[in-house]
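Structure assessment
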Amino acid sequence: MYLAAKFIPQKRVGQALTKDDDVYAAMEKIAECRKTLKAVKNSLETNWQTFDLATHGLGPAVIKGTLALNDTCLNEKMRALKSKDSTDE
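Rules and cut-offs
Residues numbered from 1 in each chain as written. Predicted model: local features only at pLDDT ≥ 70, side-chain atom pairs only at ≥ 80, totals over all residues. Heavy atoms only, no water. Helix = DSSP H or I, 4+ residues; strand = E, 2+ residues; numbered from the N terminus. Buried < 20%, exposed > 50% of the residue type's maximum accessible area, 1.4 Å probe, protein only. Contact = heavy atoms within 4.5 Å. Core = buried A, V, L, I, M, F, W, Y, C linked by side-chain atoms within 4.5 Å. Disulfide = S-S within 2.5 Å.

Helices and strands together make up the secondary structure of the protein chain, namely five helices and zero strands. With the C-alpha coordinates aligned to their principal axes, the bounding extent of the protein chain is approximately 55 × 25 × 15 Å. A burial count over the protein chain gives 26% of its 89 residues as buried. For the protein chain, contacts bridging at least 24 residues in sequence account for 80% of all contacts bridging at least 6.

In structure tokens, the structure reads:
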């Protein structure tokens, strides 16, 4: 996941996700989506002991990294929307 965090342009991804969005509705959706992703992560962590053993820790690490990347891109989208909102005023 280090390479994904280093080489995926998260800020550009977040900005690209703001196209044609109603700023306030999109911000609410992002907040709800981030909350859901956190709940999914917590639920998975509570229940993946067998998966963790079978993959020697690699499976959970990949899932955690993927969820973290999704959360980071959503956070960048939120920043881009806030910036878009402040320039629209």
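So, next bit.
Turning to the environment of leucine 44, a few remarks are in order. Relative to the elements of secondary structure, leucine 44 occurs in helix α3 (residues 23–47). The partly exposed category is assigned to leucine 44, whose relative accessible area is 33%. Taking the C-alpha atoms as reference points, leucine 44 and proline 60, 16 residues apart in sequence, are found 8.6 Å from one another. Apart from the residues within four sequence positions on either side, leucine 44 is in contact with Ile63 and Leu67.

Turning next to the nonpolar core. Core analysis: the biggest nonpolar cluster contains nine residues, these being Val23, Ala26, Met27, Ile30, Leu37, Leu67, Leu74, Met78 and Leu81. Elements with a minimum of two residues in this core: α3 and α5 (58–88). Sort the elements by how many residues they give to this core and α3 lands first, with five residues. Residues contacting methionine 27, with those up to four places away along its chain left out, are Met78, Leu81 and Lys82.

This next bit is on the state of the cysteines. Per the stated rule, a full pass over the model turns up zero disulfides. The cysteine cysteine 33 is free of any disulfide, with cysteine 73 supplying the nearest cysteine sulfur at 11 Å. Cysteine 33 sits in the partly exposed class, given a relative accessible area of 34%.

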